[in-house]
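What the coordinates show
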Amino acid sequence: MTEQPILDEDYCDDPANAHERFCDQPPIVVEGLVNKFGDFAVHDGLNLEVNRGEILGVVGGSGTGKSVLMRSIIGLQRPNAGRIDVLGRTITAVDLDQKIGVRRRWGVLFQGGALFSTLTVGENVEVPLKQFYPNIDDNLRKEIARYKVLMSGLPEEAIAKYPSELSGGMKKRAGLARALALDPELLFLDEPTAGLDPIGAAAFDRQTRELKETLGLTVFLITHDLDTLYEICDRVAVLADKQVIAVGTIPELIETGHPWIEEYFGGPRGRSALATHERG
Ligand SMILES: Nc1ncnc2c1ncn2[C@@H]1O[C@H](COP(=O)(O)OP(=O)(O)OP(=O)(O)O)[C@@H](O)[C@H]1O
Ligand SMILES: [Mg+2]
């Protein structure tokens with residue numbers, strides 16, 4: 001496959017067709033990824049494909065490189081080697097500083113939320129709209145932001161609130177609203193339910209599933225939450241030993257017999273999540 005650099009013009013011509021453009025290829029393809037910090041390799045020959053329209057759960061022990069993998073896929077981390085194609089474009093073939101049109105086709109909820117504390121929820125959602133569509137009229141931009149906030153399950157009153165006035169769960173939803181600002185095809189979520197109570201976490205999971213189904217999203221979901229894996233993920237990728245050691249449904253993963261996977265899904269928490277899932 002030849003490398004296709006990302007050009008802004010590619011995405012300005014016919015947005016209506018953009019979603020259909022690369023249907024024959026998985027939306028995310030990672031091949032032979034190597035990421036090093038000094039002498040320390042986080043990834044060494046990592047391969048992964050994410051299928052269109054799926055929620056792919058990404059699991060692995062703390063420090064195995066889940067967030068670094070996500071940052072590489074969205075072009076924030078320049079890998080030492082390997083190739084990453086996103087929506088038919090080779091992310092690893094362009095300078096990170098170069099303005100890339102493909103960026104407007106994904107939304108990201110970073111681990112920790114990363115909302116601007118001096119902006120209200122509505123203004124936070126307006127940030128990517130201003131950045132990528134500077135010519136949108138102020139009223140329309142506010143209206144789009146309002147719609148995204150409501151779509152993320154926050155009440156109308158939350159639009160004018162500052163992040164410091166929100167609960168942890170509301171902050172996550174505000175981050176989700178901002179990730180949805182540009183009508184993305186791909187949604188990246190880094191531990192979206194971490195720190196939420198079980199009811200809040202389950203509600204967030206339902207919201208993610210609903211959004212995926214109604215908007216036809218492909219979701220890359222990093223999580224330690226076993227309930228999330230059972231309830232909403234179509235497949236799960238396991239990071240260990242600097243690679244993706246297995247990808248599949250949870251029963252398929254358990255069949256691999258890999259010790260880490262067995263311990264993860266077969267330990268007390270794994271068994272309890274499975275029991276909850278089976279009770280439905
Ligand atoms: N900018 C950086 N500079 C140096 N080392 C880094 C940098 N970013 C990440 N690392 C290291 O890379 C490794 C993987 O980090 P990463 O944040 O991807 O882990 P993770 O799997 O997301 O962990 P967690 O589950 O705790 O979020 C860690 O050892 C981390 O210290
Ligand atoms: Mg992380």
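Summarised in this report is the structure supplied together with it. The residue count restarts for each chain, going from 1 along the sequence in the order it is written. Chains carry letters and ligands carry numbers; both start at the beginning, A for chains and 1 for ligands, and go up in the order they are written. Selection of residues for local features in this predicted model requires a pLDDT of at least 70, selection of side-chain atom pairs for listing and counting requires 80 or more, and totals for whole chains, interfaces and linings are taken over all residues.

Quick word on the site of ligand 1
What counts is decided by this rule: To decide whether a residue is near a molecule or strand, its C-beta atom is placed from the backbone and checked for lying within 6 Å of it. Only DSSP runs of H or I reaching four residues or more are called helices, and only runs of E reaching two or more are called strands; each is numbered from the N terminus. Under the scheme applied, nonpolar residues are Ala, Val, Leu, Ile, Met, Phe, Trp, Tyr, Cys and Pro; charged residues are Asp, Glu, Lys and Arg; polar residues are all the others, including Gly.
Close to ligand 1 lie Phe 37, Val 42, Gly 60, Ser 62, Gly 63, Thr 64, Gly 65, Lys 66, Ser 67, Val 68 and Gln 111, which account for all nearby residues. The leading source of residues in the shell around ligand 1 is helix 2 (residues 66-73), at three residues. Considered class by class, the residues forming the shell around ligand 1 number three nonpolar, seven polar and one charged.

Regarding helix 2
An α-helical turn contains 3.6 residues, so a residue and the one three or four places further along point in the same direction. Here is the rule we go by: The exposure label follows from counting other C-beta atoms within 10 Å of a residue's C-beta, where the C-beta atoms are placed from the backbone and the thresholds are 20 or more for buried and 12 or fewer for exposed, leaving partly exposed in between. Within this analysis, the arc is defined by the directions that extend from the helix axis to the C-beta atoms.
Among all positions of helix 2, only Lys 66, Leu 69, Met 70, Ser 72 and Ile 73 are buried. One side of helix 2 holds all its buried residues, which, seen down the axis, span an arc of 160°.

Topic: the sheet that holds strand 9 (residues 235-240)
Adjacent strands of a sheet form backbone hydrogen bonds with each other and so pair up, either parallel or antiparallel. Applicable threshold: By the convention used here, strands pair only if DSSP detects at least 2 bridges between them. Between N-to-C directions, angles cover 0 to 180 degrees, with each direction set by a line fitted to C-alpha atoms, over the stretch in contact for helices. Placing a C-beta atom from the backbone of each residue, one calls two residues in contact when those atoms lie within 7 Å.
With mixed pairing, the six strands of this open sheet are ordered in space as 6-7-8-3-9-10. Of all the strands in the sheet, just strand 6 (106-109) and strand 10 (243-248) have a single pairing partner and so form its edges. Ignoring strand direction, the axes of neighbouring strands in this sheet form an average angle of 15°. Strand direction decides the pairing type here: strand 9 and strand 10, joined by five bridges, are antiparallel. Looking at the pairing, Val 236 lines up with Gly 248 of strand 10. Across the face of the sheet, helix 2 comes into contact with strand 3 (55-60), strand 7 (186-190), strand 8 (218-222) and strand 9 while running at roughly 150° to strand 8.

Remarks on the pairing of strand 7
Threshold: When the strands point away from the viewer and the path from the first strand over the helix to the second turns clockwise, the crossover is right-handed.
With five of its five residues buried, strand 7 lies for the most part within the structure. Side-chain alternation along strand 7 places Leu 186, Phe 188 and Asp 190 on one buried face and Leu 187 and Leu 189 on a second face that is also buried. Here strand 7 runs beside strand 8; their pairing, made up of five bridges, is parallel. Of the residues in strand 8, the one forming a bridge with Leu 187 is Val 219. Regarding topology, helix 6 (residues 198-215) serves as the crossover connection from strand 7 to the parallel strand 8, and that connection is right-handed.

Focus: the nonpolar core
The condition is simple: The term nonpolar core means buried Ala, Val, Leu, Ile, Met, Phe, Trp, Tyr and Cys residues held together as one set by C-beta atoms within 7 Å.
Among the nonpolar cores identified, the biggest contains 63 residues, and Leu 56, Ile 73, Phe 188, Phe 220 and Leu 221 are the most heavily contacted of them. With residues near it in sequence (within four places) discarded, Ile 73 still touches Ile 28, Val 30, Ile 84, Val 86 and Ile 91.

A few points about the sheet that holds strand 1 (residues 28-37)
In space, the four strands of this open sheet follow the order 2-1-4-5, with antiparallel pairing throughout. Across the chains shown, the open sheet's two edge strands, defined by having one partner strand only, are strand 2 (40-50) and strand 5 (89-90). The pairing of strand 4 (residues 81-86) with strand 5 spans two bridges and is antiparallel. Across the sheet, residue Asp 85 finds its bridge partner in strand 5, namely Thr 90. Against the sheet, helix 2 touches strand 1, strand 2 and strand 4, its axis set at about 120° to strand 1.

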